[in-house]
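The primary structure of each chain is shown beneath.
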Amino acid sequence: MRVTVIGAGIVGMSAASYLQRDGHEVFVVDPNEPGEGASFGNAGCINPSSVVPMSMPGTIRNVPKWLRDPLGPLSIRWSYLPFLTPWLIRFIRAGQRERVEAQAKGLKALLGPALINLAPLVKAAGAEDLLHRVGHLVVYKSAETRAKDAAAWNLRRENGVQFEELNADELRQLEPELSREYTQGVLVGANGHVSNPGGLVKKLAEAFVRNGGRLVREAATGFEFIEGKLTAVRTRMGTHQADRAVLAAGIWSRPLAVSLGDRLPLETERGYHVMVRDPEVMPRIPTMSGDGKFVATPMETGLRFAGTVEFAGLNAGPDWRRADILLRQGQDMYPKLARSYPEARLTRWMGHRPSFPDSLPVIDRSARSPDVFYAFGHGHTGMTGGSTTGKIVADLVAGRAPGIDLAPFSRSRFA
């Protein structure tokens, strides 16, 4: 069977790799090089513990404070607010307690086996050096800020996530360079991270090509059908024959889904990072500030500070102040970092997290045809959920029952 995968990020390349393992002729279409979108710029975390949806009971109460704080984790460009409002209404509704509990169960099923499902792909790609299993640390400056996250940690515990509480002395022993302002921490030992997320996706793509797969630098524009049966995927350069197609193009999946009869509330949560080359200190473990909601991750090419959410749409230019805020917060977290850096030692990035208001992706067949499968909208958990999503897609194409209940990921939940 000939299968075309649209999108060469972590989700698309995981799907392509698992489909190839099933013996299909697989063709990947993306206008950019593999791993150059959100898969490139994320914090690199592979966290099965990320079962907490972005919208929680009480989240909306924090929004005005975050918007007033120039160092806050959230920014909205007011000119975009009229376009964003329908999504925000769904986001607020998603934070109802019973919905949150159901969403967490869905995330647990999807993210729980992430490292297990990623391992064979990493091994086949010869990328074992990029995957690390040293855990994930969340740190707080006070008991008060730790208490504000109590509901999230309780939700993780209810979903089987194990973690260890650390006091100030234990934090110092684990991460000696951490600011002494941080007095409490939580260590999730079962989590992992990738020290070059974009590099990992490129290695998956290289292995895919070595094994006979094809990659083309073209932008998909639509699909062709005969009597409801998929026959080809159209691009700006022509058409490519296909018996099945997988739409895994992140935020750019939205217009293609519309062409298939599905108007889904997919929004871009624009995220930023700043990289410091040759940093004066380097954390051992990816560390999230529970106060500032950003992550410091040790990478091959330096120290990455990643996070924040900006709503401004696809076409607005980056606001590099968001990246500079991350740097200032990182310098606060690690006091031995230099107070200023020459531009040659810094790189900044902005990318588009494809997000649904309930923090769950869509993994389903399209309305137009059962031959086209959806695998997009992972939001903040794409790097973690990509491998399991890829495996699920391969199961669906092969007619096998997937290993998890897909009802939480249905497109019809937005009907």
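One structure accompanies this document, and this report is about it. Quantities reported herein were computed from a predicted structural model and do not represent experimental measurements.

## Some words on the packing of helix 1 (residues 10-21) against helix 13 (residues 382-398)
Part 1 of the argument: Between helix 1 and helix 13, whose axes approach to 7 Å, the crossing angle comes to 35°. The handedness of the crossing between helix 1 and helix 13 comes out as right-handed. Of the residues in helix 13, those touching helix 1 at Ile-10, Val-11, Ser-14, Ala-15, Tyr-18 and Leu-19 are Gly-382, Met-383, Gly-386, Ser-387, Thr-389, Gly-390, Lys-391, Val-393, Ala-394 and Val-397.
Part 2 of the argument: Grouping the constituent residues of the contact of helix 1 with helix 13 by class yields 9 nonpolar, 6 polar and 1 charged.

## Regarding the side chain of Asn-191
Part 1 of the argument: Mapping Asn-191 onto the fold places it in the loop between strand 8 (184-188) and strand 9 (192-194).
Part 2 of the argument: Within the structure, Asn-191 has its side chain in polar contact with the side chain of Ser-49 (distance 2.8 Å).
Part 3 of the argument: Asn-191 has contacts with Ile-46, Asn-47, Pro-48, Ser-49, Leu-115, Arg-133, Val-134, Gly-135 and His-136, leaving out every residue within four places of it along the chain.

## Considerations on the pattern of salt bridges
Part 1 of the argument: All chains considered together, the criterion is met by 22 salt bridges.
Part 2 of the argument: The partner of Asp-358 in a salt bridge is Arg-413, and the shortest N-O contact between them spans 2.6 Å. Note that Asp-358 is positioned in the loop between strand 19 (346-355) and strand 20 (362-365) and Arg-413 in the segment after helix 13, a separation of 55 residues in sequence.
Part 3 of the argument: The exposure class assigned to Arg-413 is partly exposed, which follows from its relative accessible area of 24%.
Part 4 of the argument: Each of Asp-22, Asp-395 and Arg-400 takes part in a single network of salt bridges with overlapping partners.

What counts, and where the lines are drawn
Residues numbered from 1 in each chain as written. Predicted model: local features only at pLDDT ≥ 70, side-chain atom pairs only at ≥ 80, totals over all residues. Heavy atoms only, no water. Axes fitted to C-alpha atoms, helices over the stretch in contact; angles between N-to-C directions. Helix = DSSP H or I, 4+ residues; strand = E, 2+ residues; numbered from the N terminus. Left-handed = near helix turned anticlockwise from the far one by under 90°. Contact = heavy atoms within 4.5 Å. Nonpolar A, V, L, I, M, F, W, Y, C, P; charged D, E, K, R; others polar. Polar contact = N/O pair within 3.5 Å; in protein donor to acceptor, adjacent residues only side chain to side chain. Salt bridge = Lys/Arg side-chain N within 4 Å of Asp/Glu carboxyl O. Buried < 20%, exposed > 50% of the residue type's maximum accessible area, 1.4 Å probe, protein only.

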